[in-house]
Amino acid sequence: MTVISLSAIEKRFGDVVAVHPIDIDIAKGEFFTLVGPSGCGKTTILRMIAGLERPTSGALTVNGREMFNGRTQRFVGPEQRGLAMVFQSYALWPHMTVAQNVAFGLAGRPRAEITERVGRALELVEIGALERRYPGELSGGQQQRVALARELVTEPDVLLMDEPLSNLDAKLRVDMRAELKSIHRETGVTIVYVTHDQIEALTMATTVVVMREGRIAQRASPSDVYSRPANLFVAEFVGNLPFNRIAARVEADGSIRGHGFTWPAGAVQGAPATGEVVVGIRPEALRFGDGAGLELPVEVISVLPAGSYTVIQAHLAAAGGERLYVQAGDHVELQPFEQVKLRVDPRSVRLFDSTTGDALA
Amino acid sequence: MIRWFNSARHALRTPYVVLGAILIAALAYLVVMPFWEVLATSFQAQRTDLRRIPGAEVGSFTLYYWERMLNSPLTERSFVQPLWNTLTISALYTILAMAIGVGLAWLTARTDMAFRRAIPDLILVPYVIPSWGIALAWITLFRSDTMPGHPAGVLQAFTGITVPTWVVFGPFPIIIVLAINYFAFTYLLAASAFSSIDASMEDAGRLHGASRWRILRRITLPIALPALGSAFILTFSQGLGTFGVPAFLGMPDRYFVLATSLFFNINTNRIGDAFVLALFIIGLASITIYINTLILGRRRQFTTISGKGVRPLLTSLGRWRVPMGVATIGFLLLIAVVPLIVLVMQTLTWRVGNFSLEHFTFHFWFGREMVGAQFQDRLAGIFYNPEIMRASWNSIRLGVIVGLVVALLGQLAGYVISRGRGGWISRILEQLTFLPFVIPSVVFGAIYLTLFAQPRGPIPALYGTFALLVVVSVVKRLPFAARSGTSSMMQVSGELEEAARMHRAGFVRILTRILFPLTRNGIFVGFIFGFVNTVKDLALVILLVTPLTNVLPALTYSYTERGFRQYSDAVTVLIVIIVLVGTFLARRVSRTDFSRGF
C-alpha cells in the first residue's frame, strides 16, 4: 500500500532547478532512503514531503490525501499533515527539559496520559533517566535519542529523518544505525531517511534512491545498488574505496581488449557487439594470485594496511597505466614496483557505456 | 481562479507574510504617509499666512515657505545661521566624542591598563542622566551673578570663581555636553571594531619586525578605519536633530540650531517654515546615513572575525598602567556623579544661588503647598505636588507600555525580517523600521502634532491623548528594537520552529512556547532600552503633551522656562531615579530566568 506518492514533483528556487520532475512511491512500512552528494535535492524532497517546502509543480499525496497539487496550487501546511520529522540539528528546544520537549506534540491530552506516553517513548530510546535534564546538558548521542523520542511519542505512521546521524562520532553512528533498524522493526513506522552516507543507506534501508543533481540516478534494493549499479555515478558513489574503471574496447570478434589485457568473447555478460566500453570492478572483487577468473596484470604502486584489510594501489599493466585499487586481506606480502596478476570473477564485472556512463545489460 | 484562491490562502497561512503585511501597512501609515504630508504641507498655504500670500486660499499651492526660508531677507537669520550652527556643533562634538570614545576603546581593548575590564560596565552609568539634565547641571554649576538676570552657580558660591558667559551659554557648552552624552556611543562602536580585528594580523606584522607603533599605525588603525568612520558618521547624524541640549544652553543666548529653530517656528504657529526645516533635517540625516552605508559597504572586505580565541597583542603602558586606569575610572565617575550632586544641591536651597547652610531646605522635595502658589517657594514639594505626581505616573506608565510594546514589536519585526530574508517583504520592512532613525525626535513631534490634530480616516483626533504619546514613542524606538529583534531571531535556527510546526503547533503557540522564550534576552534588552529612552526623551514629547498627559521631561522644560530652577532640577533627579529603579527592577524580575544560559 502506497503511503507517500510524488508524481512529477518539481522544485525551483528562482532559476535554479533543485529537483527535476520526479516520481516516487513509498510503500507502508518501508525504510526508504534518499542518498546522494550534497546539493542533489534529497533534503528538498524530504522537506516537500514534510510540507516545509512548497513544490513548484506536480502532485503529492500522503495516505491518499492530496497535500499539494500544482494545477490548483492547493497546499496543506506541515501542521496539518500529521507527519513526524527528526532534523539534522535535532532541533531540540533548548529552553525545555527533555520531558517537555517530548511532551510538546501531546498538548491537550490528559496529564496522566502524557506522563505515561513520554515515559514509554524515553524507555524505547533508552534514556528514561534523563527526562528532567535540559538538551544543553546532554551528549550528542543522547540529544539524538531525545529527538527520536519526541517524534515517536505521537505514534506517527510516517517518520521523516534528515541526516539524523551526521553529527555523531563514528562509533556512536554504528550503534544508532542498529538501534534505528530495530525501532523500525518494532514500531512498523514508515521511515523516509535522507543521508549523504552510502553506508547508512546500505545498512538500514529496504529501498534506496540514489539522487544526482535533482534527478533519480537509481532506485533499487541496497544489495542491487551495490552490486548492480545502474550507471557509473551510482557505482562510484556507493562503496568505500574508489570504484575501478578501465577503458576498453569490444573487438569485432567479441573479445574485450584493454591496456595490457585481452578477455575472450563471452567472458563478460552484457558486452555490446563492438565499440568502446568502461569496465567497472569494485576493489573488493579483485584478488591476487592464480585460479579461476579473468586476469589483469598490474604493477604495485603502494601498499596501505588498514588493520582488518589492506588497500593496494597499482598501475594497470605497467607504470603509466590506469590506476586501480584492490582491497585485499589483512596480510599482503607485496612490494612497490612488483609485477603481479589480479583476478576477478566475471560475475563481478560490470560494463558501462563509455559516453553515457549507463550500465550495459 | 482556484489556483489564485489556493495561492492566496497559502500566503495567508504563512505567518511572516501576514505579520509582515500588517507591520508594513502600519508603518506606511505612521511613518511614510506623514512624511509625504509634511512635504505636501510645505507647499500649501496655511490659514495664518493667507494675507501674506496674494490670491491664496487655505491649502493652495505656494512656494512661499520655501522662498521665505531659502531666498528672502529672513534666510540668513532663520535658515543659514541655524544650519551652520547645527553643522559646526555636530562636527565639533563628534570629534570630541570620538577622541574620548576611541581613546577609551583602544585603552580597554588593546592595552594592559589597570581596571580595564570594569570600563564597559561603567561607561553606561552616565547614560542614566538625560543629555539635557547634564545641560541643566552645567548651568547650575557654572553660572554667576555677573551674568544679567542670573544668580550665582555652585562654582561661584563655593570658590568665588566666575567664568565668562560663553562658557555657560552658546556653542561651547553645547559641544561639551553633547560630547559627554555621546562618547559612550562612539566607545561601543569603536570597541567592537577593535575587538573584531584578528590578532594574528598584528602578530604577522610583529614577526616581520614591525614596532608596536608601526603596527598600530599601519595595521590596526587602517583595518579599523571604516568602522571608525562609520562611528563618526552615526554620531554626527545624531546631532542634526538634537533638541534638548541646545534648547537649554542655546536659546537663552538666542543661539539656534535647526531643531530649536523648528521648535520656535511651531510654537509661533509658523507650520510652513517649520516643515521646510524638518525636511532639511531629514534630508541631512538621510545623506549621512547613505554615506555610512557606503563606508560600511567597503568595510566588509576588511572585517575578519576569527573563530579562534586568539589573545590580541596588548600594548604595555608600563608605569602608566595604574595611573591611567585610575584616571579613566575617575573621569567616568566624575561625569556621572558631579551633575547629579550639582542638581541635588540646587534642590536643597531656598534661594537659587545661595548655597549657605541657613538656606538649606527639603521644601522642594517634601514641602506642602502654601498660600499664593504662583511663586515657586509656595508650591508643594515634588512628592506632594499633584502636577509632578501626575507627570511621574504618566512617565512611568509611558515608559513601561512603550518598553513592552516596542520590545514585542521589535521581535515580531525581527521575525519577519529574518524569516523572509531575501524576499521583498523582509527588505521593505527592514527599511521601514529603520526610517524613524533619520527623523529626529523633535521633527516627529512636530509632524504628529500637526497631522493628528484632526481625525484622520478611521483614527480620531489624537492630539492631547496619552495614546498619541505611546504611538510616537513606539515608532521612534522601533529602529533599535527591530535591529535587536532581527539579530536575536537570526540566532534561532529555523529548524526549531519547523520542528514545532511538524507537531501541529499554530503560530501563536510557536511564538509563545518557542520563539519568545528563546529570544527573551533580546526582548529584555528591547524593553530596557525602550523604557529608559522614553522616560528620558524631551524632544519627542515636548510639542505633544498637554497638562493632563504631561510627562516629567516636558515638565522640567516648563519649570525652567518659568524660572523654577529647584523644581526643574528636582524633576531631573526624579527621572534619573525612575530610570535606575526601573532598570534595577527589570533586572531583578528577569534575573531568575536570564541567568541560566543555554
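Here the structure is a predicted model, which means the values were calculated and not measured. (Residues numbered from 1 in each chain as written. Chains lettered and ligands numbered in written order. Predicted model: local features only at pLDDT ≥ 70, side-chain atom pairs only at ≥ 80, totals over all residues. Heavy atoms only, no water.)

What follows deals with the overall build of chain A. Across its full length, chain A carries eight helices and 21 strands. Based on the C-alpha atoms only, the size of chain A along its principal axes is roughly 75 × 50 × 35 Å. Looking at chain A residue by residue over its 361 residues, the buried ones come to 53%. Within chain A, contacts between residues at least 6 apart in sequence are counted, and of these 63% link residues at least 24 apart. When the accessible surface of chain A is summed, it comes to about 15,500 Å², and 49% of that surface belongs to carbon and sulfur atoms. Averaging the coordinates of the 37 positive side-chain charges in chain A and doing the same for the 42 negative ones gives two points 5 Å apart. (Helix = DSSP H or I, 4+ residues; strand = E, 2+ residues; numbered from the N terminus. Buried < 20%, exposed > 50% of the residue type's maximum accessible area, 1.4 Å probe, protein only. Contact = heavy atoms within 4.5 Å. Areas by Shrake-Rupley, 256 points an atom, 1.4 Å probe, with all protein chains shown as cover. Lys, Arg positive; Asp, Glu negative; His and termini not counted. Charge placed at Lys NZ, Arg CZ, Asp CG, Glu CD.)

This part covers helix α6 (residues 131-142) of chain B. The end-to-end C-alpha separation of α6(B) is 17 Å, in line with the 16 Å expected for 12 residues at 1.5 Å each. Taking burial as the measure, the 12 residues of α6(B) include 12 buried ones, the bulk of the element. (Expected span 1.5 Å × (residues − 1).)

A few words on the packing of helix α2 (residues 15-41) of chain B against helix α17 (residues 386-419) of chain B. All names here are of chain B. Running from N to C, α2 and α17 cross one another at 125 degrees; their axes reach a closest spacing of 9 Å. Taken as axis vectors, α2 and α17 run oblique relative to one another. The handedness of the crossing between α2 and α17 comes out as left-handed. Here α2 contributes Pro15, Tyr16, Leu19, Gly20 and Leu23 to the contact with α17, which in turn contributes Leu409, Leu412, Ala413, Tyr415, Val416 and Arg419. Classifying every residue of the contact of α2 with α17 by side-chain character gives nine nonpolar, one polar and one charged. (Axes fitted to C-alpha atoms, helices over the stretch in contact; angles between N-to-C directions. Parallel < 35°, antiparallel > 145°, perpendicular 65-115°, else oblique. Left-handed = near helix turned anticlockwise from the far one by under 90°. Nonpolar A, V, L, I, M, F, W, Y, C, P; charged D, E, K, R; others polar.)

Attention now goes to the domain arrangement of chain B. Residues and elements named next belong to chain B. Domain annotation of chain B identifies domain 1 (74-195 + 224-361) and domain 2 (362-598). Computed from C-alpha coordinates alone, the two centres of domain 1 and domain 2 are separated by 22 Å. Contacts between the two partners involve 44 residues from domain 1, matched on the other side by 40 residues from domain 2. Summed over both sides, the interface of domain 1 with domain 2 buries roughly 3,500 Å², with 76% coming from carbon and sulfur. Three residues, Val128, Trp132 and Thr347, lead the burial of domain 1 against domain 2; their summed loss comes to 17% of the area buried on that side. Scanning the region where domain 1 abuts domain 2 turns up zero salt bridges. Here domain 1 is connected to domain 2 by five residue pairs in polar contact (both at pLDDT 80 or more). Secondary structure elements with two or more residues in the side of domain 1 that touches domain 2: α6, α11 (212-240), α12 (244-249), α13 (258-267), α14 (271-299) and α15 (321-347). A total of eight residues in the side of domain 1 that touches domain 2 trace back to one element, the largest contributor, which is α14. Classifying every residue of the side of domain 1 that touches domain 2 by side-chain character gives 30 nonpolar, 12 polar and two charged. (Domains from an automatic or database assignment. Buried area = accessible area lost by both parts, 1.4 Å probe. Salt bridge = Lys/Arg side-chain N within 4 Å of Asp/Glu carboxyl O. Polar contact = N/O pair within 3.5 Å; in protein donor to acceptor, adjacent residues only side chain to side chain.)

Moving on, we get to the sheet that holds strand β13 (residues 256-258) of chain A. Residue and element names in this part refer to chain A. Read from one edge to the other, the open sheet built from five strands follows the order β14-β13-β12-β15-β21, with strand pairing classed as antiparallel. The open sheet has two free edges, formed respectively by β14 (261-263) and β21 (350-353), since each of these has just one partner strand. The average undirected angle you get between the axes of adjacent strands in this sheet is 35 degrees. Pairing of β13 with β14, which is carried by three bridges, proceeds in the antiparallel orientation. (Pairing = 2+ DSSP bridges.)

This next bit is on the interface of chain B and chain A. On the side of chain A, 34 residues touch chain B, which itself brings 24 residues to the contact. Carbon and sulfur atoms supply 57% of the area that chain B and chain A bury against each other, a total of about 2,700 Å² over both sides. Area buried by chain B at its contact with chain A is led by Glu495(B), Met502(B) and His503(B), which between them contribute 26% of it. Taken together, the links from chain B to chain A amount to two salt bridges. In this structure, Glu498(B) engages Arg47(A) in a salt bridge whose closest nitrogen and oxygen atoms are separated by 2.6 Å. The interface formed by chain B and chain A includes eight residue pairs in polar contact (both at pLDDT 80 or more). Elements with a contribution of two residues or more to the side of chain B that touches chain A: α1 (2-13), α21 (494-502) and α22 (507-518) of chain B. Looking at the side of chain B that touches chain A residue by residue, the classes come out as 10 nonpolar, four polar and 10 charged.

A few words on the pattern of salt bridges. The final tally for this structure, using the stated rule, is 26 salt bridges over all chains. Between Glu151(A) and Arg150(A) there is a salt bridge, with the nearest N and O atoms lying 3.3 Å from each other. On the basis of relative accessible area, Glu151(A) is assigned to the buried category, the value being 1%. Overall, the relative accessible area of 0% leaves Arg150(A) in the buried class. Here the residues in one salt-bridge network are Arg47(A), Glu53(A) and Glu498(B), joined through shared partners.

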